[in-house]
Amino acid sequence: MNIKIISAGNQETFNFATPIGVGLINSAINLTRLCLFDRPDYIIFIGTAGSYGDKQIFDIIQTQSASNIEQCFLNKKCYSPIDNIISFAKDVSRETIINSSNYITTDEETAKKYLKLNIQAENMEFYSVMSVAKEFEIPTIGIFVITNFCHKEAHKEYINNIKKAKELLIVYLIEKNIIKELNA
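Just so it is clear, the model here is predicted, and its values are computed rather than measured. (Residues numbered from 1 in each chain as written. Predicted model: local features only at pLDDT ≥ 70, side-chain atom pairs only at ≥ 80, totals over all residues. Heavy atoms only, no water.)

**Brief notes about the pattern of salt bridges**
Okay, so step 1: Under the definition given, this model contains two salt bridges.
Okay, so step 2: Among the salt bridges present, the one from D91 reaches R94, with a minimum N-O distance of 3.2 Å.
Okay, so step 3: Residue class for D91 comes out partly exposed when judged on its relative accessible area of 33%.
Okay, so step 4: For the salt bridge of E109 with K112, the shortest nitrogen-to-oxygen distance reads 3.3 Å. Placement of both E109 and K112 in helix α3 (residues 108-116) is noted, with a separation of three residues, approximately one turn of the helix. (Salt bridge = Lys/Arg side-chain N within 4 Å of Asp/Glu carboxyl O. Buried < 20%, exposed > 50% of the residue type's maximum accessible area, 1.4 Å probe, protein only. Helix = DSSP H or I, 4+ residues; strand = E, 2+ residues; numbered from the N terminus.)

Take a look at the structure:
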């Protein structure tokens, strides 16, 4: 079985994962290219996420559900004709949903609105990863470590926690037999 571990890149690189780019567009383009020329049987996307409030720093989330809900939707100032939730899970109600946008949430009141929709955290790429995987009919999961809360100090918190978060993610992947210690 051809299992492909991917990550966004930039500060979220791992020697055992293929970087696909940061944000919704670059990740979709590069993952599509990968699927066309070296189609995996299964995709594991790893990275970090910002918590909307319920998940704690360094919590690890494994999910098959992503959303693309922009902040204007929360304020009833826009709509979308596309499906804005994608899931490979049999029971989405038991899933942790990760929201994706090209923008990082820095407002606690906005974060609370996502929680009311049962969306727990955000990662910039996961919705595009799930979209490409759905199109190619490739089962996919995301494994994320929480690096920050979504508030005005989100970026500072991310920078302070990224190194330890990556270390914890590697330990988790080894414990779950997703990677071998030598690959980390």
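**A short note on the environment of N148**
Okay, so step 1: Looking at the secondary structure, you find N148 in strand β9 (residues 140-149).
Okay, so step 2: Residues N148 and G53 lie 95 residues apart in sequence; the distance between their C-alpha atoms is 9.5 Å.
Okay, so step 3: Ignoring anything within four residues of it in the chain, the contact list for N148 reads A49, G50, S51, I57, A154, E157 and Y158.
Okay, so step 4: For N148, the side chain forms a polar contact with the side chain of T147, separated by 2.7 Å. (Contact = heavy atoms within 4.5 Å. Polar contact = N/O pair within 3.5 Å; in protein donor to acceptor, adjacent residues only side chain to side chain.)

**Some thoughts on the nonpolar core**
Okay, so step 1: Within the largest apolar cluster, 23 residues are counted, with the highest numbers of intra-cluster contacts made by I6, L31, I43, F45, F126 and V129.
Okay, so step 2: Going through the elements one at a time, α1 (23-37), β3 (42-51), α4 (126-136) and β9 are the ones with two or more residues in this core.
Okay, so step 3: Not counting the four nearest positions on each side in its chain, F45 is found in contact with I6, S7, A8, I20, N123, E125, F126, V129, I141, G142, I143 and F144.
Okay, so step 4: Among the nonpolar cores identified, the runner-up in size contains 15 residues, and A17, I46, I170 and I179 belong to it. (Core = buried A, V, L, I, M, F, W, Y, C linked by side-chain atoms within 4.5 Å.)

**A few points about the side chain of E95**
Okay, so step 1: Along the polypeptide, E95 turns up in the loop between β6 (85-87) and β7 (97-99).
Okay, so step 2: Despite being buried, E95 has no salt bridge partner; R94 is the closest side chain of opposite charge, sitting 9.2 Å away.
Okay, so step 3: Residues contacting E95, with those up to four places away along its chain left out, are T63, Q64, S65, A89 and N118. (Lys, Arg positive; Asp, Glu negative; His and termini not counted.)

**Quick look at the pairing of strand β1 (residues 3-7)**
A regular strand places its side chains so that they alternate between the two faces of the sheet.
Okay, so step 1: Extensive coverage of β1 is indicated by the burial of four of its five residues.
Okay, so step 2: In this structure, β1 lies alongside strand β2 (residues 18-19), joined through two bridges in parallel fashion. Across the sheet, S7 pairs through a bridge with P19, a residue of β2. (Pairing = 2+ DSSP bridges.)

**Quick word on helix α5 (residues 154-175)**
Okay, so step 1: Of all the bends in α5, the greatest measures close to 50° and is centred on N161.
Okay, so step 2: Residues of α5 that are buried sit in contact with β3, β4 (60-63) and β9.
Okay, so step 3: One or two steps after α5, the chain reaches N177, where phi turns positive at roughly 60°. (Bend = angle between axes of the 7 residues up to and from the residue.)

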